Amino acid sequence: MPIHRKLTPLLCAALALFAQPAVAERVTRDFNFDWQFHLGADADPLKDPASIAWQPVRLPHDWSIGMDFTQENTGCSTGFLPGGIGWYRKDFKLPESWKDGRVAIVFDGIYRKSQVWLNGREIGGRPSGYVSFAIDLTGLKFGDETNTLLVKADHSTYLDSRWYTGSGIYRNVRLVKTAPTHIPEWGVWVQTPEITDSSAKVTVTTEIAGPQPYQLTVGLLDPAGKTVATAKQSGTGAGTVTVPLTVPDPQRWDLATPRLYTAEIRLEHEGSPLDERSTRFGIRSSEFDAKRGYLLNGRSVKIKGVNLHHDAGAVGAAVPKDIWRERVTKLQSVGVNAIRMAHNPHSPELFELCDEMGMLVMDEFFDEWRVPKDKSLVYLSDNKAPKEAARGYSEIFDEWAERDLKATIRRDRNHPSVIMWSIGNEIEWTYPHYPKSASYTPFSAEEDYHKHPPDFDPVKIRERMAKLHSGPDELLETARQLAGWVRETDPTRPVTSGLVHPSVGYATGYAGALDVVGFNYRAWEYDGAHAMYPEVPIIGSENWGTWPEWREAVKRDFVAGIFIWTGYAYLGEAGPWPRKGLEISLFDYAGFKTPRGHFMECLWVDQPKAWLGTTAAAESEFSLGEDRQWKFTERAYDPPAMKWLRRWEWYDVAPTWNYQKDESTVVQGYSNCETVELFLNGKSLGSQTMAELDDRIAKWLVPFSSGELKLVGSNGGKPVTEDILRTHGEPAAIVLQTDRESLRPNRYDVARVELRLTDAKGVPVIAGEREITFEIDGPARLLGVDNGWEKSVQPYQTNRLTTRHGRALLLLQSTDEPGKITVRARAGDLVSEPAEFTVR
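The structure reproduced in this document is the subject of the present report. Keep in mind that what you see is a predicted model, and the values were worked out from it rather than measured. (Residues numbered from 1 in each chain as written. Predicted model: local features only at pLDDT ≥ 70, side-chain atom pairs only at ≥ 80, totals over all residues. Heavy atoms only, no water.)

### Some details on the packing of helix α2 (residues 321-333) against helix α3 (residues 348-357)
Phase 1 of the analysis: Packing of α2 against α3 leaves a shortest axis separation of 10 Å and a crossing angle of 45 degrees. Considering their axes alone, α2 and α3 lie oblique with respect to each other. As α2 runs across α3, the sense of the crossing is right-handed. Of α3, the residues touching α2 (which contributes Lys321, Trp324, Arg325, Val328, Thr329 and Gln332) are Glu349, Leu350, Glu352, Leu353, Glu356 and Met357. (Axes fitted to C-alpha atoms, helices over the stretch in contact; angles between N-to-C directions. Helix = DSSP H or I, 4+ residues; strand = E, 2+ residues; numbered from the N terminus. Parallel < 35°, antiparallel > 145°, perpendicular 65-115°, else oblique. Left-handed = near helix turned anticlockwise from the far one by under 90°. Contact = heavy atoms within 4.5 Å.)

Have a look at this one:
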């Protein structure tokens, strides 16, 4: 009998598969357009398709931000915007040429509890609202037949977070076609284990899925696009391939020079393409040292960071890349060099921009672990809600935490901007024996822990804990488990967490599970921690944003730096109505710089700067005593429960010089100059030396007189900068300013139109608000309007709003049509000159 007749059917099938020609290489389709949407649990498109009233939408889409602010079925924790259940539908066709390939859909984020159906069959989903995921689309139709994709986003637990999350398919979606043998999504990992001035060793690890034999080619391109290294390797079937390469004369990724290389990986079978991937990476060294702080490329860098939530004012959680670019640019303008992605994974576009623009990143996974944080009763009585509405991630932690954490690391680990992984934020609050175990001498743990440094003696702390808690320490066990999962997936970056009671965390071993210990609002504890645990690196992971906090980090080499809460204002975690969020940031919701932003710029930027702000003395927290010393007085809050916010809020100050004649005013001056001098209508009111001021705020008590108030900053006795406030009249003109002159007809580009009210002399109007109507003509999509105020509950997706401090913002996005966009603004009889954009 001929030998070929003895081949098993399985072997025959395998040989036939290997003999088949490969389908065409990878194709990626933008899958953001031509969707339909229905909000409400009143109908089910699976059981009764005719019952659904679909509305056309494009992705990314956050349905909550497009709704009215309301107190009904909402809460201040999430910004008084509704959740609900949303359905998305997309009908599409695929060419016959795709039939022999593998097709997947990739979602960068769906909030929340998503389920996906293809042609009536459920194929996957993700309960987490922050994690990117891919689903193989098996059961597709090709040619003239139509496929129907259904996605359900269940955000009926509308208070599942302590801040605004958004709702729906709020990040990008793409369709990916490859050969059956291919490189999975996020299947390439680039490492740079050895770097010198003359060369860098680079390892490219590639996952292979599928059965065919393959030839793998890896090429490395320098920042100019020139190939500087190549390598090849062959193999068969699924597995992981690591290819070492050497880059000569490496150009390092750094803050001022964020140079990016590209790894191109090509997969072939007998000369026919199977798949091709490319990923950018940076060649840089990154290290946290217990004595020297943070070292980037061997150089000590003090981290000047901010925390950011993932929403962005009028667009909610569906944030176009242009808006993130504008926000990162503004943060860098005030000296920020790092972002903590609080407190869950952010969009891929923001990581890309941090790579491109030279921004360091703390990538964070969780705000709660197995035990939920209080979301239904946070801070204020008006946030009471059914417990059912506050069910969150803790309920799925045991099932999903490992998968979500590892998936996020796989997605983000090629970004040179990412310098550490954070496994949690203030988890101690969910285990009450932790904060109660803190030891204070001579104070008790019930005293204000913000004012008294604790005793770091681990024996005393453990004795207290033993009286409060027996049995296994679940917090410690979970921390070790999470840190282990991180190191399994990426051992090249340190693990951190934001601790609210570091002294207890050190004593229990929680801090020992970490590589870098994050201190949340504990700048006065640095010395005690370092004295007791000198080999453990420290970072100020969360801070209010004051001079004493920055001073404590600057004068200690062993403190890597700080992250301020927050860089931009965010929705949620506020109240009572109508306070929809917290403007305690460097920039407000609309992207206008706040007084705190000006203050921190004076600490973090060397370019000479001076800034003026004023308050009526009767309303100011500062008062001048009979001894001519300035005193601080806590402001009154209604309800009193809001007193906790005093630590986060900035002083009640605004850039205005409009008061009643002779009204007593408190003038604040911020500067990075050696001295500042205040002038009123050309007359000096005295100078002050900034280094002599405990809070770095110069203050004057000034009777109001209309005219010009000027602050002059001097170095070496010579004036180098100034800031001027002028008394304004009634609004007489509307001035529009744009951030660009042209857009591309790509349906993604975004333009900012900033509005300012001025008087007849062109002086900006601070008091004298007006209702504005924007008139838009041409190929543009209105994204939203905003005035930046935390107490504005005007809807965002409209062309009308009332100004705040004489300012407002309009956001526009291009369509797919070329042409000219013209914008005018109207307020009664006032009409602006047009702002124009060319779309080409």
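Structure shown, so let's carry the discussion forward.
### Brief notes about the sheet that holds strand β22 (residues 338-341)
Strand-to-strand pairing in sheets goes through backbone hydrogen bonds, with the strands running parallel or antiparallel.
Phase 1 of the analysis: Spatial strand order, β21-β22-β23-β24-β25-β26-β27-β28: eight strands in a closed barrel with parallel pairing. On average, each strand axis in the sheet is tilted by 25 degrees relative to the strand beside it, whichever way the strands run.
Phase 2 of the analysis: Where strand β27 (residues 538-543) meets strand β28 (residues 559-564), three bridges bridge the pair, whose relative direction is parallel. Residue pairing for β28: Ile538 is matched across the bridge by Val559.
Phase 3 of the analysis: With respect to the sheet, helix α10 (residues 547-554) is in contact with β21 (303-308), β27 and β28, its orientation differing from that of β28 by roughly 160 degrees. (Pairing = 2+ DSSP bridges.)

### With respect to the sheet that holds strand β10 (residues 173-178)
Phase 1 of the analysis: Pairing within the open sheet is antiparallel, and its four strands lie in the order β1-β10-β5-β8. Each edge of the sheet is formed by a strand with only one pairing partner; in this case those strands are β1 (27-30) and β8 (133-136). Neighbouring strand axes in the sheet, compared pairwise and without regard to direction, differ in orientation by 25 degrees on average.
Phase 2 of the analysis: The pairing of β1 with β10 spans four bridges and is classified as antiparallel.

### As for helix α4 (residues 397-412)
Phase 1 of the analysis: End to end, α4 covers 21 Å across 16 residues, agreeing with the expected 22 Å (1.5 Å per residue, within 8%).
Phase 2 of the analysis: Buried within α4 we find Phe397, Trp400, Ala401, Asp404, Leu405, Ala407, Thr408, Ile409, Arg411 and Asp412.
Phase 3 of the analysis: Packed against the buried residues of α4 are β7 (121-126), α3, β23 (360-364), β24 (418-425) and α7 (474-489). (Expected span 1.5 Å × (residues − 1). Buried < 20%, exposed > 50% of the residue type's maximum accessible area, 1.4 Å probe, protein only.)

### A look at the packing of aromatic side chains
Phase 1 of the analysis: According to the stated counting rule, one finds 40 aromatic pairs in the structure shown.
Phase 2 of the analysis: For the ring pair Phe288 and Tyr294, a centre distance of 4.8 Å and an interplane angle of 45 degrees mean the geometry is tilted. As far as the burial class goes, Phe288 and Tyr294 line up, both buried.
Phase 3 of the analysis: When the centroid spacing of 5.9 Å and the interplanar angle of 65 degrees are considered together, the rings of Tyr659 and Phe704 count as edge-to-face. On the criterion of sequence distance, the pair formed by Tyr659 in the loop between β33 (630-632) and β34 (664-671) and Phe704 in the loop between β37 (698-703) and β38 (708-715) is long-range, its members being 45 residues apart. We note that Tyr659, like Phe704, is buried.
Phase 4 of the analysis: Grouping aromatic residues by their ring pairs yields a cluster made of Phe599, Trp611, Phe622, Phe632, Trp650, Tyr651 and Tyr670.
Phase 5 of the analysis: Above the face of the Phe33 ring, Arg747 is positioned so that its terminal group lies 3.5 Å from the ring centre. (Phe/Tyr/Trp six-rings, centres within 6.5 Å; stacked < 30°, edge-to-face > 60°. Lys NZ or Arg CZ within 6 Å of the ring centre and 35° of its normal.)

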